[in-house]
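Here is what each chain is made of, one letter per residue.
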Amino acid sequence: MLYLSILLHIYQPPTQFPQVTKQITDSSYRLILKILDKTKGKITLNINASLTEQLARLGQDDVLRGISDLAKVRQIEFTGSAAYHPLLPRLPKDLMERQIVLNTQINKKYFGDLYCPGGFFPPEMAYSNSLGELLANLNFDYVIVDEHAYPGRTKKRIHQELYVKKYKTYNNYNSYNNYKPLNIFFRDDDLSLAIAFSQIKTIAEFRHLLSSYVLNHNSYIIIALDGETFGHHQLGQDKLLFDILSYKAIKIVTINELKKYFHKEKVIRPMTSCWGVSDDDMRKKIYWPRWSYPGNPIHKLQWKLTKLVI
């Protein structure tokens, strides 16, 4: 059996123009809720508090209710995140924790007890072991990271090893008997990016790409991408989302539900990474290429300003 989890990340910066947030809400967020209602499918959802606040302030209460209603019937599983979408590993630990706690407090204000995330989506999937340690101490059960975080990653190993068992890390990798574990789940890059950039548009193309994978009999795949892909970034991709959620040859589950079906575990130490990194970046140890590229004068000034503000 092939299990599939879809994580959608929806976010608008707090400086977004109100008319833009409203337009994206009309074209994308309401569309996603309609697709979930019609297909009875499931997703794992990250909604940063920055967007939640804007939806409430702009009177988009039907979207907040729609998310709540789907969470009640377990078609939506929430993840935690950082309230205003910072690159967490580049912040001091106290500010990392503040952003994470604030995200939970604000979302609980609007979703109530339905918002009780066991997992965590780091903005830009930017992960470091210091963040992993903090998440474990904040009692998160799992974190979703990019497949580039998998030690010794190759495409062959990805499909033969990665998606057949559970992974976990500890605060102290070398001496973990007395430390809290943190489960690690990896995004599949090929499938996620193919959907995000409309490289595949039909369920037939989706099946064809899956057929190229070297999968074991019992495997899972996690697709993770911006929710705005559907109806906003990529017009027409909502049809593909509808068809995937309706596809009977695979079992659609939330990320947390994967733990029920996969019991083998392996302890690893994930690599520092993000979902904007390439193989070449990883070899050069450039973990934040879009935000902190060596020699980029704008990046240098932005981080200088950030340090001054902190």
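Here is what the cut-offs are and how they apply
Residues numbered from 1 in each chain as written. Predicted model: local features only at pLDDT ≥ 70, side-chain atom pairs only at ≥ 80, totals over all residues. Heavy atoms only, no water. Salt bridge = Lys/Arg side-chain N within 4 Å of Asp/Glu carboxyl O. Helix = DSSP H or I, 4+ residues; strand = E, 2+ residues; numbered from the N terminus. Buried < 20%, exposed > 50% of the residue type's maximum accessible area, 1.4 Å probe, protein only. Core = buried A, V, L, I, M, F, W, Y, C linked by side-chain atoms within 4.5 Å. Contact = heavy atoms within 4.5 Å. Axes fitted to C-alpha atoms, helices over the stretch in contact; angles between N-to-C directions. Parallel < 35°, antiparallel > 145°, perpendicular 65-115°, else oblique. Left-handed = near helix turned anticlockwise from the far one by under 90°. Nonpolar A, V, L, I, M, F, W, Y, C, P; charged D, E, K, R; others polar. Pairing = 2+ DSSP bridges.

Trainee: When you look at the pattern of salt bridges in this model, what are you seeing that I'm missing?
Mentor: Should the charged atoms of two oppositely charged side chains come close, the side chains can pair. Scanning all chains against the criterion turns up 13 salt bridges. Arg 187 serves as the salt-bridge partner of Asp 146, at 3.2 Å between the closest nitrogen and oxygen. With Asp 146 in strand E5 (residues 142-146) and Arg 187 in strand E7 (residues 181-187), this pair connects stretches of sequence that are 41 residues apart. Owing to a relative accessible area of 3%, Arg 187 belongs among the buried residues under this scheme. What you see here is one network of salt bridges that share partners, running through Asp 26, Arg 30 and Asp 62.

Trainee: I'm lost on the nonpolar core in this one. Help?
Mentor: Core analysis: the biggest nonpolar cluster contains 45 residues, and Leu 4, Leu 45, Ile 47, Ile 67, Ile 76, Phe 78 and Phe 206 have the highest contact counts within it. Counting residues per element, this core draws most heavily on helix H1 (residues 18-39), which supplies 6 residues. In this view, Ile 67 contacts Leu 33, Leu 45, Ile 47, Ile 76, Phe 78 and Phe 111; residues no more than four positions away in its chain are not counted. Ranked by size, the runner-up nonpolar core spans 38 residues in total, among them Met 96, Ala 136, Ile 222 and Phe 262.

Trainee: Explain helix H5 (residues 129-137) to me, please; I cannot follow it from the model alone.
Mentor: Counting along an α-helix, one turn takes 3.6 residues, and residues three or four places apart therefore face a common direction. Every buried residue of H5 is accounted for by Leu 131, Gly 132, Leu 134, Leu 135 and Ala 136. Just downstream of H5 lies Asn 139, where phi reads positive at about 70°.

Trainee: Looking at this structure, I do not really get the packing of H1 against helix H9 (residues 237-246). What am I missing?
Mentor: For any two helices packed against each other, the geometry is given by the interaxial angle and the distance between the axes. Remark: H1 packs on H9, axes separated minimally by 10 Å, with the N-to-C direction vectors making an angle of 25°. The orientation of H1 with respect to H9, classified from their angle, is roughly parallel. For the pair H1 and H9, the crossing hand works out as right-handed. Residues Leu 31, Ile 35, Leu 36, Lys 38 and Thr 39 of H1 lie in contact with H9, whose contacting residues are Asp 238, Leu 241, Phe 242, Leu 245 and Ser 246. Residues that form the contact of H1 with H9 fall into these classes: 6 nonpolar, 2 polar and 2 charged.

Trainee: Is there a simple way to think about the pairing of strand E1 (residues 2-10) in this case?
Mentor: Look at any regular strand and the pattern is simple: side chains alternate between the two faces of the sheet. The buried fraction of E1 amounts to 9 of the 9 residues, a majority that puts the element mostly inside the structure. Neither face of E1 is exposed, since Leu 2, Leu 4, Ile 6, Leu 8 and Ile 10 on one face and Tyr 3, Ser 5, Leu 7 and His 9 on the opposite face are all buried. Across 2 bridges, the pairing between E1 and strand E9 (residues 251-252) is parallel. Opposite Leu 4, over in E9, you have Ile 252 as the bridge partner. Where E1 meets strand E2 (residues 43-47), 4 bridges bridge the pair, whose relative direction is parallel. Bridging from a neighbouring strand, Leu 8 pairs with Leu 45 of E2.

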